[in-house]
Amino acid sequence: MEQGEYPLSDREFSRIKARVYQVAGISLSDAKRTLVVSRLSKILRAMGMASFDDYVDYLEHSGSAQDSQEFVNALTTNLTRFYREDHHFAHLSDYVRDLVGRRPRVGPDGKPRLRIWSAGCSTGQEPYTIAVSLLDQFPDLKRWDFRILATDIDTNVIAKAATGIYPEAELAGLTPQRAALFEKAGGGTIRVPAAARSLVAFKPLNLIGDWPMRGPFDAIFCRNVAIYFDKPTQGRLFGRLGQMLAPEGFLYIGHSENLGSGSEGFRLVGKTIYQNKQGQKREAA
């Protein structure tokens, strides 16, 4: 089939849903059927396959890790912007101001240590907002052991994020003071300044798989990610995130999310902002 979209039977849709749940924990609703057809039809055409059944058979029996990654990439949705849900960044600033005032734990080099994780970072606007805003408000952080881990299951968006270059239209709606934190890069683009880019490490990560990094993190942003998981997966995810937080560290989630069964060990301190109350001490990375 050279043009158009492939027909998708109920059986094929069930197989696709089972496959993406197995490998990525993503729970596809029936409302996503049109999205599945649109995005996967492109792959089927490129591979010269006749049906979705043939494609799933291929993934299950002879596909490579790269083929599986392409499948997941096609079915993930990436919607983000700079300073999205601004109250989270305002709260983070207050938290860091408190840390600066009382000096947090130090690393092996004797420097004050600050670790933030942007889980489900998409094309990078979230971790870069964290970096540019905190450096602007707290210049002393340049002398800290300050790092931001940014992860996403979609390898395509990770590659884009790592460039730190965006269309100038991304600054629309920002105050002049915030827009001035970014550099003009020519050709209608802007660039995240080098000082902020150097703080962020982009890594591919499947949130339902193994986590090779070690905490603790002072703050974790996991916003508008859990909405793609079913309730049991959400509970397990939030429980694991709590274990990665420093004592009294903060978890920021999306406006349409709640911790549900994963709320043990947290206390709600603001709209979609939770604080770790377990006091679990963990070895620094």
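Residues numbered from 1 in each chain as written. Predicted model: local features only at pLDDT ≥ 70, side-chain atom pairs only at ≥ 80, totals over all residues. Heavy atoms only, no water.

This is how the line gets drawn: UniProt positions are given in the numbering used here, feature names are shortened, and annotations may be inferred rather than shown by experiment.
Per an unreviewed UniProt entry, the protein chain goes by Chemotaxis protein methyltransferase and derives from Paradevosia tibetensis. Database annotation for the protein chain, UniProt heading Function (unreviewed entry): "Methylation of the membrane-bound methyl-accepting chemotaxis proteins (MCP) to form gamma-glutamyl methyl ester residues in MCP." Annotation of the protein chain in UniProt includes, under Catalytic activity (unreviewed entry), the sentence "L-glutamyl-[protein] + S-adenosyl-L-methionine = [protein]-L-glutamate 5-O-methyl ester + S-adenosyl-L-homocysteine".

Some thoughts on unusual backbone geometry
As a reminder of what qualifies: Runs of H or I in DSSP of at least four residues are treated as helices and runs of E of at least two as strands, each being numbered from the N terminus. Burial here depends on accessible area, computed with a 1.4 Å probe over protein chains only, as a share of the maximum for the residue type. Under 20% is buried, over 50% is exposed, and the range in between is partly exposed.
Cis geometry marks the peptide bond from Gly215 to Pro216; its omega dihedral reads 0°. You can see Pro216 is positioned in the loop between strand S6 (200-204) and strand S7 (217-222). You will see that Asn224, though not glycine, has its phi angle at about 60°, which is positive. Tracing the chain through its elements places Asn224 in the loop between S7 and helix H10 (231-244). Judged by its relative accessible area of 14%, Asn224 is buried. Positive phi, normally seen in glycine, also occurs at Thr272, with a value near 60°. Here Thr272 shows up in the loop between strand S9 (266-270) and strand S10 (273-276).

Thoughts on the domain arrangement of the protein chain
Note the cut-off: Note: domain ranges come from an automatic or database domain assignment. By definition in these notes, contact holds between two residues if any of their heavy atoms fall within 4.5 Å. Once two parts are joined, some of their accessible surface, as seen by a 1.4 Å probe, is lost; buried area is that loss totalled over both. Salt bridges are defined as contacts in which a side-chain nitrogen from Lys or Arg sits within 4 Å of a carboxyl oxygen from Asp or Glu. Polar contact is defined as a pair of N or O atoms within 3.5 Å, subject to the rule that within protein one atom must be able to donate a hydrogen and the other to accept it, and that residues adjacent in sequence are counted only when both atoms are side-chain atoms. Here the term charged refers only to Asp, Glu, Lys and Arg, the term nonpolar to Ala, Val, Leu, Ile, Met, Phe, Trp, Tyr, Cys and Pro, and the term polar to all other amino acids, Gly among them.
For the protein chain, the assigned domains read domain 1 (10-75) and domain 2 (86-276). If you average the C-alpha positions of domain 1 and of domain 2, the two centres end up 30 Å apart. Listed as interface residues are 10 residues of domain 1 and, on the opposing side, 11 residues of domain 2. Buried surface at the junction of domain 1 and domain 2, both sides included, amounts to about 840 Å², of which 47% is carbon and sulfur. Across the contact surface, domain 1 and domain 2 share zero salt bridges. The tally of links between domain 1 and domain 2 comes to six residue pairs in polar contact (both at pLDDT 80 or more). At four residues, helix H1 (residues 10-24) tops the list of elements feeding residues into the side of domain 1 that touches domain 2. Its residues placed into classes, the side of domain 1 that touches domain 2 shows five nonpolar, five polar and no charged.

Describing the pattern of salt bridges
All told, the structure shown has 15 salt bridges when counted by the stated rule. Salt-bridge contacts for Asp57 lead to Arg15; the nearest nitrogen and oxygen are separated by 2.8 Å. On the criterion of sequence distance, the pair formed by Asp57 in helix H3 (residues 52-61) and Arg15 in helix H1 is long-range, its members being 42 residues apart. Overall, Asp57 belongs to the partly exposed group, its relative accessible area being 31%. Note on Arg15: relative accessible area 16%, which makes it buried. In this structure, Glu126 and Arg223 form a salt bridge, with 2.7 Å as the shortest nitrogen-oxygen distance. With Glu126 in helix H6 (residues 125-137) and Arg223 in the loop between S7 and H10, this pair connects stretches of sequence that are 97 residues apart. Comparing Glu126 with Arg223 shows no difference in burial state: the two are buried. Via salt bridges that share partners, Arg11, Arg15, Asp53, Asp57 and Glu60 belong to a single interconnected network.

Topic: the nonpolar core
One broad trend across soluble globular proteins is that nonpolar side chains are buried collectively. Put simply, the rule is: As used in this record, nonpolar core signifies buried Ala, Val, Leu, Ile, Met, Phe, Trp, Tyr and Cys residues forming a set joined through side-chain atoms within 4.5 Å.
Counting residues in hydrophobic clusters, the biggest one holds 46 residues, and the most contacted among them are Ile16, Leu40, Trp117 and Leu251. Among the elements that take part in this core, helix H2 (residues 33-47) stands out by supplying five residues, more than any other. The two domains that each donate at least three residues to this core are domain 1 (10-75) and domain 2 (86-276). Counting 40 residues, the second largest nonpolar core, distinct from the first, contains Val96, Ile148, Val192 and Phe202.

A short note on the pairing of S9
Side chains on a regular strand alternate between the two faces of the sheet. Rules: At least two bridges found by DSSP between two strands are what make those strands a pair.
Here S9 pairs with S10 via four bridges, running antiparallel. Bridge pairing in S10 places Arg267 opposite Gln275. Hairpin remark: S9 followed by S10, antiparallel, with two residues in the connecting loop; positive phi at Thr272, about 60°.

Overview of the packing of H2 against H3
We count it as follows: For every element, the axis is a line fit to its C-alpha atoms; helices are fit only across the contacting stretch, and the angle between N-to-C directions ranges from 0 to 180 degrees. The labels follow the angle: roughly parallel below 35 degrees, roughly antiparallel above 145, roughly perpendicular from 65 to 115, and oblique for the rest.
For the pair H2 and H3, interaxial distance at closest approach is 10 Å and the crossing angle is 75°. If you check the angle between H2 and H3, you find them roughly perpendicular. Judged by residue contacts, Val37, Leu40, Ser41, Ile43, Leu44 and Met47 of H2 engage Phe52, Tyr55 and Tyr58 from H3. Taken together, the residues of the contact of H2 with H3 break down into eight nonpolar, one polar and no charged.

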